[in-house]
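The primary structure of each chain is shown beneath.
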Amino acid sequence: MIMAQDESEGSSETSEDSSVYKESAIFVGTERPALTQEEFHKQYGLEDGKLSGQQMYKDSWGSMSRSLRRHSRKMKSLTFVKLMKNLMPILRWLPNYNWKRDFANDCAAGFTVGVMQVPQGLAYAILANVPPIVGIYTAFFPVLMYILLGTSRHVSMGTFAVVSILTSKPIIELCEKSDDDHQFEDDQAVMNTTEECAVKVMSAIAFMSGVIMLTLGICRLGALNALLTDPLVSGFTTGAGVHVFTSQIKYVFGLEIPKHIGPGRIVKTYIDVFKNFTGANYTALLISFICITILLGFDLCLKPRIAQKCKFPVPMQFIVVILGTVISYATDLKTVAQVRVIGQVPTGLPSPKLPEFSLIQNVFSDTFTITIIGYVVTLSIARIVASKNNYSVDPNQELIAMGTANIFGCFFQSLPMTGSMSRTLVQVSAGGRSLMASIVTVFLLLWVLLFAGPLFEDLPNAILASIIVVSLRGILTQFKDLYIYAKRSYSEVFVWLATFLGTVFIDIDYGLIIGLATSLAFLLWWGYHPKVELVGRTDRNDLFIDKNNVRKKICFHFSHYSKSQIFVQKFNFDKTFQFFREIKFVNN
């Protein structure tokens, strides 16, 4: 039994006691029956401190029998309708949807997120070295399947910077074999290094990512995300953010530098930046400086003030894209100042195509990293938002939903789909209540795909690079997490630093491997060297406290036994943790 007692209830104690427990607000006590060693063994079926064979057999058989009966009852009560509701959560929430109360809010949130999806989709597609329109496809086709199968009401699915930079690695490796011949070879077949090659590699990655997720979901292995600890994920995403930032330097400065692959590519890229800095396009640099200043100034200064007066967030990224496109078209920047623009953007929906299955063996290792990181990031975002809105997210169903969505999207030229924290927060702040907001976003993007694509052909790449750089602010500021981890354990700081440094100075996949190895090493170390705290009973019968956390002079009584002797120790602690010990030996 656990008892809680207020400070006022202990007013009848002596003044000495009240001075000792003056800083305590709650006292917790326990009551348990006193058992001899023989009675304890008899009650719990122990023989020499271990469970007897008969008791172990009885407990294991009873547990298995109960589990079988429980699953048998579930299977008997599982009708076709219940099965479909479990597989497709939309059949549970859509019939009960409150159109009068929630639809207006979901429409506003969906429109706001849809406006954000356009510039981010174009930018993150370029980051992945695929055609810009692919980013819009990713926010449209896979999301259709997630609406049917997903359990998170608020997470905004689509493109994500870290997943895009991870996807660019195998695309660069396979589609740009060298700077001289620009050809791609696979099983004696030669293909030109064009956008078609990049799309084929991307589709193979999306297909394999979906297969991995769907397999893990069917096997009910959603809890495996616990292997990726918070320091590991934080260090890895921060390091990947450095890769994303580095990849946009050439667009910000308007430089023409080669792409590097393999270990040390960040260092090689910055060497090329400094070597070719004199060839920078000053018009592109001016555009980048103005856009970054506007976006950062809005996020840091104006956005908090506007949020106090207006419920709906201002889509500043979309406004910058529209203004930049109009100015670029009116002044013909691509001809006058040689500013790079995104070029042709097709209209209409793409026809479905099978992925190149022969490429799967070449992209499997990179796909596994993309899959794990995408799932962990999405599930973390979904759980954070779900806890604030009092509902739960099923990890296994999320795997099935994301896996099915990626498999469906790979037939329509889509990147691996991932949740975005920035868009999710906007959707929540705009009043989004359910996945109906995602449905509204999908309809808005359908209009963009059918009619508005050519309007963005004169959009400078420098503006999209500026949007990416500003969007990285939340990822790169994760350095402050080191202070939080240092307060908990220096081992978490070591895991964070090892993962971050490995990701930045070696490569993205090596950083993840180093982080996993370091995290597991510390897990094994602390498992074999557990921290044991000695907790004792004070002179007050209802208070137990760790001797290392004492702030006042308190009298402790500790009792334990070893073989034939019982040791009763009495400690007196003061503020400097100096103590005098008196040991009494009591025979059994």
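Keep in mind it's a predicted model, so treat the numbers as computed, not measured. (Residues numbered from 1 in each chain as written. Predicted model: local features only at pLDDT ≥ 70, side-chain atom pairs only at ≥ 80, totals over all residues. Heavy atoms only, no water.)

## Considering the packing of helix H9 (residues 195-218) against helix H16 (residues 360-388)
Point 1. The N-to-C vectors of H9 and H16 enclose an angle of 60°; their axes lie 8 Å apart at closest approach. As judged from the angle between their axes, H9 and H16 are oblique. Once H9 is placed against H16, the crossing between them reads as right-handed. Contacts between H9 and H16 involve Val201, Ala204, Ile205, Phe207, Met208, Ser209, Ile212 and Met213 from the former and Ile360, Val363, Phe364, Thr367, Phe368, Ile370, Thr371 and Tyr375 from the latter.
Point 2. Its residues assigned to classes, the contact of H9 with H16 comprises 13 nonpolar, 3 polar and no charged. (Axes fitted to C-alpha atoms, helices over the stretch in contact; angles between N-to-C directions. Helix = DSSP H or I, 4+ residues; strand = E, 2+ residues; numbered from the N terminus. Parallel < 35°, antiparallel > 145°, perpendicular 65-115°, else oblique. Left-handed = near helix turned anticlockwise from the far one by under 90°. Contact = heavy atoms within 4.5 Å. Nonpolar A, V, L, I, M, F, W, Y, C, P; charged D, E, K, R; others polar.)

## Structural notes on the confidence of the model for the chain
The predicted structure's coordinates, where accompanied by low pLDDT, should not be read in detail.
Point 1. Summarising the model, the chain shows a mean pLDDT of 79, and 74% of its residues fall at 70 or more.
Point 2. The low-confidence segment residues 1-25, where pLDDT is below 50, has 35 contacts with residues more than four positions distant or belonging to other chains.
Point 3. Taken as a whole, residues 556-588 scores under 50 in pLDDT and shows 72 contacts with residues more than four places along the chain or in a different chain. (pLDDT = per-residue confidence, 0-100.)

## As for the side chain of Ser328
Point 1. Within the element layout of this structure, Ser328 appears in helix H14 (residues 316-331).
Point 2. A residue is classified by how much of its surface remains accessible, and Ser328, at 2% relative accessible area, is buried.
Point 3. A polar contact of 2.7 Å, which involves the side chain of Ser328, links it to the backbone oxygen of Asp458.
Point 4. Sequence-distant contacts of Ser328, defined by excluding residues within four places in its chain, comprise Leu333, Val341, Asp458 and Pro460. (Buried < 20%, exposed > 50% of the residue type's maximum accessible area, 1.4 Å probe, protein only. Polar contact = N/O pair within 3.5 Å; in protein donor to acceptor, adjacent residues only side chain to side chain.)

## Looking at unusual backbone geometry
Trans is the common state for peptide bonds, and a negative phi is the common state for residues other than glycine.
Point 1. The backbone of Arg220 sits at a positive phi, close to 60°, despite the residue not being glycine.
Point 2. Residue position: Arg220 is located in the loop between H9 and helix H10 (230-247).
Point 3. Even without glycine at this site, Gln413 takes up a positive phi of about 60°.
Point 4. Looking at the secondary structure, you find Gln413 in the loop between helix H17 (395-410) and strand E8 (418-420).

## Concerning a nonpolar patch on the surface
Point 1. On the surface, a nonpolar cluster with roughly 600 Å² of combined accessible area is contributed by Val267, Ile271, Leu497, Leu501, Phe505, Ile506 and Tyr510.
Point 2. Of all the secondary-structure elements, those providing two or more residues to the nonpolar patch are helix H12 (265-275) and helix H23 (490-505).
Point 3. Its location among the elements puts Phe505 in helix H23. (Patch = residues over 30% accessible without salt bridge, like charges linked within 9 Å, V, L, I, M, F, W, Y side chains within 5 Å. Areas by Shrake-Rupley, 256 points an atom, 1.4 Å probe, with all protein chains shown as cover. Salt bridge = Lys/Arg side-chain N within 4 Å of Asp/Glu carboxyl O.)

## As for the environment of Leu501
Point 1. Secondary-structure assignment places Leu501 in helix H23.
Point 2. Put simply, Leu501 and Gly235 are 266 residues apart on the chain and 8.4 Å apart in space, counted from C-alpha to C-alpha.

## What about the nonpolar core?
Point 1. Residues Val130, Tyr146, Val201, Phe456, Ile463 and Leu464 are the most contacted members of the largest nonpolar core, which totals 107 residues.
Point 2. Discounting residues that sit within four places of it in the chain, Ile463 has contacts with Ile287, Cys291, Val320, Val321 and Gly324. (Core = buried A, V, L, I, M, F, W, Y, C linked by side-chain atoms within 4.5 Å.)

## Focus: H14
Side chains three or four residues apart in an α-helix point the same way, a direct result of the helix having 3.6 residues per turn.
Point 1. With 16 residues, H14 should cover 22 Å at 1.5 Å per step; its first-to-last C-alpha distance of 22 Å lies within 8% of that length.
Point 2. For H14, every residue scored as buried is listed here: Met316, Gln317, Val320, Val321, Gly324, Thr325 and Ser328. Projection of H14 onto a plane perpendicular to its axis shows the buried side chains occupying an angular sector of 165°, all on one side. In H14, the exposed positions angled more than 90 degrees off the buried face are occupied by Leu323, Val326, Tyr329 and Ala330.
Point 3. Contacts made by the buried residues of H14 are with helix H6 (99-127), helix H13 (282-309), helix H15 (333-336) and helix H20 (461-471). (Expected span 1.5 Å × (residues − 1). Arc of directions from axis to C-beta.)

## Considerations on the packing of aromatic side chains
Point 1. Enumeration according to the criterion identifies 13 aromatic pairs in this entry.
Point 2. Measuring from ring centre to ring centre gives 4.8 Å for Phe140 and Phe141, while their planes differ by 85°; the resulting arrangement is edge-to-face.
Point 3. Ring centres 5.2 Å apart and planes at 75° place the aromatic pair Phe479 and Phe500 in the edge-to-face group. Highlighted residues: Phe479 in the loop between helix H21 (473-476) and helix H22 (481-488) and Phe500 in helix H23, separated in sequence by 21 residues.
Point 4. Classification of Phe479 as partly exposed rests on a relative accessible area of 37%.
Point 5. Residue class for Phe500 comes out buried when judged on its relative accessible area of 10%.
Point 6. An aromatic cluster is defined as three or more aromatic residues linked by ring pairs; in this entry it consists of Tyr137, Phe140, Phe141, Phe408 and Phe412.
Point 7. Sitting over the ring of Tyr391, Arg153 keeps its end group 4.2 Å from the ring centre. (Phe/Tyr/Trp six-rings, centres within 6.5 Å; stacked < 30°, edge-to-face > 60°. Lys NZ or Arg CZ within 6 Å of the ring centre and 35° of its normal.)

## Considering the environment of Thr499
Point 1. Relative to the elements of secondary structure, Thr499 occurs in helix H23.
Point 2. Spatially, the C-alpha atom of Thr499 lies 8.5 Å from that of Pro231, the residues being 268 residues apart in sequence.
Point 3. Excluding anything up to four places from it in sequence, Thr499 contacts Leu232, Gly235, Phe236, Gly511 and Gly515.

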